[in-house]
Every structure is written in structure tokens, then in C-alpha cells.
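Topology and contacts: notes
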Amino acid sequence: MSTVTSTDGTTIAFDAYGEGRPLILIDGATAHRAVNPANAQVGQLLSDEFRTYVYDRRGRGQSTDTAPYAIEREIEDIAALIEDAGQPAILFGWSSGALLALDAAAAGLPIAGLVLFEPPVVVDDVRPPLPSDYVEQLDAFVAEGRRDKAAELFMTAAAGLPAEAVAGMKQSPYWAPVEEIAHTIAYDGRIMGTTMSGKPLPDDRWSAVKLPVLVLHGDKTWPALSSGAQAVAAHLPTATLDAIPGENHSTDPSTLAPVLRTFAHSL
């Protein structure tokens, strides 16, 4: 494990695989290195020509955290990783991590290209929108010491799982790691902003993004996620859209790695 220090003093822990062009993988809500081995596997598959950064977002895993939270602090975390790489990086973002990648590009970080996997976007009535007070509810649960309720809210309101499915998840080994970092779910809620409101995407948020963007979704994913990917691709003038055969809101590293390699070679 290696670390970089972000602008506000937060320690960001990461593993790097291989040497070559830098590729930074950004997790979505609840994920980090200890619970998502897919990123490390992607890094290993690309290690012949890329230096792949797999990191814990602030407040998760072995990274520290510094209050108060702001999206700008997470952009600074990515900037610290790019500085470590020493050259412009390609960013890959899972789910809400895809929106963070877009924000980093809009902020002007030295980025060569973006790959966005199923960004959480709802611009129609394909599914219920997030509650307008979603972030406030998350913050209240965490302040009350009820991280389990924050995790439940994320799983039902954001991920769209039925309550009975979440009840089953709470009995599995998967639940404890989610509850442990549930205080960071509101971070992703702030990053999403109004993207899951059922309204059109804001015209100005990513207007500064002029670099190549590849938007991905699995062709077996939920309809809301494929339509969200389509909406993001249509919203960004430099974006192209691609469906990964047989995949859903996660994808096999052996399938994802060649897609990333091809995109990098196109830059």
C-alpha cells in the first residue's frame, strides 16, 4: 500500500499496478479496496502498459477523512493521485464515481480521458426519483449514530432494492462493511446532486468537459441505468456510448480491462 496527502491533509491510501500511462479507478458509493477486488484485478490485467491506481476514497478503508466534507476535497484527492503519477491520467468511474470523475474533469485537472460506467442518472419516469431530502436524511441518521438506517436508505431509495431484499442483506457478511462506511454515503449523495431527480441534467455542471468520454452500461442492467447512461452520453458533446454484452451494474474485470485498453489506445 502507498499513500498520498491531499490538500487538506487527508491521507489517501492506494495500490498501484504496473507502469506506464496512469489510469485511476474511482469507486461508487460504499465500495473500497477491501470490498471491491475488481479494481485490483483490472489493474493486474492492464499492468503490462498502464500504471493503474486503485484507491480508497476518503473516509473508507485505509484512507482518513477531514471535516467538513465538500466535493472539492474529493477532486483534490484525485489531483494528488495524478500528481503522484506525474502525467495526465485516464479516469474510470463506477456509478457515482463516474460523476466524481466528470466533476474532476470540469475542474480542470490534467485528465486525458474519462470512462464512465453506469452513472446514477434519472431524467425521466423510468423509476422513482431520489427523495428531495435524501442527503439530509442520511446526515440525520449518521448524526444519530444510526448508520444502519443510512445504509438502508441508500439501498432502497438510491439503489432501488426492495425492503425485503435489504432485510436479507443485513443478515449476510456483506452488511457490516457497508454499515461501517455508511457515513460516506452522503458524500455520494452530494456528488449526485439533482442527477436522480427525474429532471434534465444541468446544462452548466460539465460544460467545461471537452475531452474524450466513453459512457458504458451493461446490456443486461436495469432499465434506469441504461437510460441514465444514454442520457449522460447525449448530454456530453465529446461522449460515445457503448453497451457491454451480458453485464449489469458490475462487470467482470476480464471484460472491462480490454475496453479500457482500447479506449486508452484511441486517445
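The present account deals with the structure reproduced in this document. In this text, all values refer to a predicted model and were calculated from it rather than measured experimentally.

A word on the overall build of the protein chain
Check the secondary structure of the protein chain and you find 10 helices and eight strands. Its C-alpha atoms give the protein chain a radius of gyration of 17 Å, within 12% of the compact-globule value 18 Å for 267 residues. Across its three principal axes, the protein chain shows a C-alpha extent of roughly 45 × 40 × 35 Å. Across the 267 residues in the protein chain, those meeting the buried criterion constitute 52%. By element, 53% of the accessible surface of the protein chain is carried by carbon and sulfur atoms, the whole surface being about 11000 Å². Averaged over its 18 positive side-chain charges, the protein chain has a centre that lies 2 Å from the centre of its 34 negative ones.

A word on the packing of aromatic side chains
Summed over the entire model, instances satisfying the criterion amount to four aromatic pairs. Taking 3.9 Å as the distance between ring centres and 5 degrees as the angle between the ring planes, the aromatic pair formed by Y69 and Y187 counts as stacked. In this pair, Y69 sits in the loop between β4 (50–55) and α2 (71–85) while Y187 sits in helix α8 (residues 185–192), placing the two residues 118 residues apart along the sequence. On the accessibility criterion, Y69 (17% relative accessible area) is buried.

Some details on the pattern of salt bridges
Enumeration according to the criterion identifies 17 salt bridges in this entry. A salt bridge links D48 to R261, with the nearest nitrogen and oxygen atoms 3.1 Å apart. Taken together, the residues span a long stretch of sequence, with D48 in the loop between α1 (38–45) and β4 and R261 in helix α10 (residues 253–266) at a distance of 213 residues. R73 is paired through a salt bridge with E76; the nearest N and O atoms lie 2.9 Å apart. Separated by three residues within a single helix, R73 and E76 lie in helix α2, roughly one turn from each other.

Brief notes about the environment of V142
Within the secondary structure layout, V142 lies in helix α4 (residues 134–143). For the pair V142 and A186, spaced 44 residues apart in the sequence, the C-alpha separation amounts to 9.3 Å.

A short note on helix α9 (residues 223–235)
Its 13 residues give α9 an end-to-end C-alpha distance of 18 Å, which sits within 8% of 18 Å, the value for a rise of 1.5 Å per residue. Taken together, the buried positions of α9 are A224, L225, S226, S227, G228, A229, A231, V232 and A233. Buried residues along α9 sit against α3 (96–106), β6 (111–117), β7 (213–218) and β8 (239–244).

Re the packing of α2 against α3
At their nearest, the axes of α2 and α3 sit 10 Å apart, and the two run at 80 degrees to each other. Our classification of the angle between α2 and α3 gives roughly perpendicular. Within the contact between the two elements, α2 uses I71, E74, I75 and I78 and α3 uses L100, D103 and A104.

Remarks on the packing of α1 against α10
Contact pair α1 / α10: the axes reach a minimum separation of 9 Å and the direction vectors enclose 55 degrees. The angle between the axes of α1 and α10 places the two elements in the oblique class. Here α1 and α10 pass one another in a crossing that is right-handed. Side by side, α1 and α10 meet where A38, Q41, V42 and L45 of the first sit next to P253, S254, L256, A257, L260 and R261 of the second.

Considering the sheet that holds strand β3 (residues 21–26)
Reading across from one edge, β1-β2-β4-β3-β5-β6-β7-β8 is the order of the eight strands in this open sheet, with mixed pairing throughout. Whereas interior strands pair on both sides, the edge strands pair on one side only; in this sheet they are β1 (2–5) and β8. Neighbouring strand axes in the sheet, compared pairwise and without regard to direction, differ in orientation by 25 degrees on average.

Thoughts on unusual backbone geometry
Across the junction of A67 and P68, the peptide omega takes the value -5 degrees, indicating a cis bond. Looking at the element boundaries, P68 is found in the loop between β4 and α2. In the Ramachandran plot, T30 falls in the positive-phi region, its phi being about 75 degrees despite a non-glycine side chain. With a phi angle near 45 degrees, E118 is a residue other than glycine that sits in the positive phi range. Turning to its location among the elements, E118 is positioned in the loop between β6 and α4.

Re the pairing of β4
Counting buried positions along β4 gives six out of six residues, so the element sits mostly inside the fold. In the sheet, strand β2 (residues 11–17) pairs with β4 via four bridges, with the strands oriented antiparallel. Each bridged residue has a counterpart across the sheet, and for D15 the counterpart in β4 is V54. Relative to β4, β3 is paired through five bridges, and the arrangement is parallel. Paired with R21 across the bridge in β4 is F50. Following the backbone out of β3, through α1 and into the adjacent parallel β4, one traces a crossover that is right-handed.

What counts, and at which threshold
- Residues numbered from 1 in each chain as written.
- Predicted model: local features only at pLDDT ≥ 70, side-chain atom pairs only at ≥ 80, totals over all residues.
- Heavy atoms only, no water.
- Helix = DSSP H or I, 4+ residues; strand = E, 2+ residues; numbered from the N terminus.
- Rg over C-alpha atoms; globule rule 2.2 N^0.38 Å.
- Buried < 20%, exposed > 50% of the residue type's maximum accessible area, 1.4 Å probe, protein only.
- Areas by Shrake-Rupley, 256 points an atom, 1.4 Å probe, with all protein chains shown as cover.
- Lys, Arg positive; Asp, Glu negative; His and termini not counted.
- Charge placed at Lys NZ, Arg CZ, Asp CG, Glu CD.
- Phe/Tyr/Trp six-rings, centres within 6.5 Å; stacked < 30°, edge-to-face > 60°.
- Salt bridge = Lys/Arg side-chain N within 4 Å of Asp/Glu carboxyl O.
- Expected span 1.5 Å × (residues − 1).
- Contact = heavy atoms within 4.5 Å.
- Axes fitted to C-alpha atoms, helices over the stretch in contact; angles between N-to-C directions.
- Parallel < 35°, antiparallel > 145°, perpendicular 65-115°, else oblique.
- Left-handed = near helix turned anticlockwise from the far one by under 90°.
- Pairing = 2+ DSSP bridges.
- Right-handed = clockwise from strand over helix to strand, strands pointing away.

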